[in-house]
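Listed below are the residues making up each chain.
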Amino acid sequence: VYFNHPQGRDSIIDVFLYQKPYLNAIQTMCPHILRYITTAVVISKRRRDGIKELIKVLQQESYKDPITEFVESLYVNFDFDEAQAKLKECKTVIENDFFIVGCLDEFTENARLIISEIFCRIHQRIEIDMLADNLNMEPAEAEKWVVNMIRLAHLDAKIDSKNGYVVMGGTSVPVYQKLIDKTKDLHLKANSCCQKIDKKLTL
């Protein structure tokens, strides 16, 4: 139901990742639901908001599947070869999962975007041919992909088409983005505090 609703992916993140009673129940009774939370984070436009919290949760859990391992291979191990292998396994898992089969193309597209973005953030100069190999694309297609990725991720980068390189500039975060990151999820935390206070007052 959540994956068929326009704001469903964000609702999964808000309810199951940020509200501790739900998260505790998932971790205790049904850790396989982490697959769906991870899928929602990968395909969500608010990915940056949820990824740090998701990584904390995944590192506490013994539950593993290709989708959760894909995220860990990128954000914890920074192992791009493992991430590529896990992405292929993710396709098989998603194709065989009734609840998320409709998200396959969106997941694949966003997963490639994540791989490219992280790869570009940790390297100063990248060969387009090497990036094309990592993304399973032709070099010309990969170059178009990189242009789109730079635009969407707001990266400071230039493409040297003559020599076949992407040259990264500084990666300073704008002040307004820092402010958003610092104040994100305050309403959820405030709501959680209010619920705890209400419980204590009713005892």
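Above: the structure in question.
My aim in this report is to walk through the structure given alongside it, one point at a time.

Thresholds applied
- Residues numbered from 1 in each chain as written.
- Predicted model: local features only at pLDDT ≥ 70, side-chain atom pairs only at ≥ 80, totals over all residues.
- Heavy atoms only, no water.
- Helix = DSSP H or I, 4+ residues; strand = E, 2+ residues; numbered from the N terminus.
- Buried < 20%, exposed > 50% of the residue type's maximum accessible area, 1.4 Å probe, protein only.
- Contact = heavy atoms within 4.5 Å.
- Lys, Arg positive; Asp, Glu negative; His and termini not counted.
- Charge placed at Lys NZ, Arg CZ, Asp CG, Glu CD.
- Phe/Tyr/Trp six-rings, centres within 6.5 Å; stacked < 30°, edge-to-face > 60°.

Things to note about the overall build of the chain
Along its length, the chain carries 11 helices and 3 strands. The order of helices and strands in the chain, counted from the N terminus, is α-α-α-α-α-α-α-β-α-α-β-β-α-α. With the C-alpha coordinates aligned to their principal axes, the bounding extent of the chain is approximately 70 × 45 × 30 Å. Classification of the 203 residues of the chain by burial places 43% in the buried group. Pairs at least 24 residues apart make up 59% of the contacts formed inside the chain by residues separated by at least 6 positions. The centroid of the 27 positive side-chain charges in the chain is displaced by 7 Å from the centroid of its 29 negative side-chain charges.

Observations concerning the packing of aromatic side chains
The way to describe two aromatic rings as a pair is by their centre distance and the angle between their planes. Here the structure, examined in full by the defined rule, presents 5 aromatic pairs. Aromatic side chains F70 and F107 sit 6.2 Å apart centroid to centroid with 55 degrees between the ring planes, which places their arrangement in the tilted category. With F70 in helix 5 (residues 66–75) and F107 in helix 7 (residues 104–122), the pair connects residues that are 37 residues apart, well separated along the chain. For F70, a relative accessible area of 0% gives the class buried. For F107, a relative accessible area of 1% puts it in the buried group.

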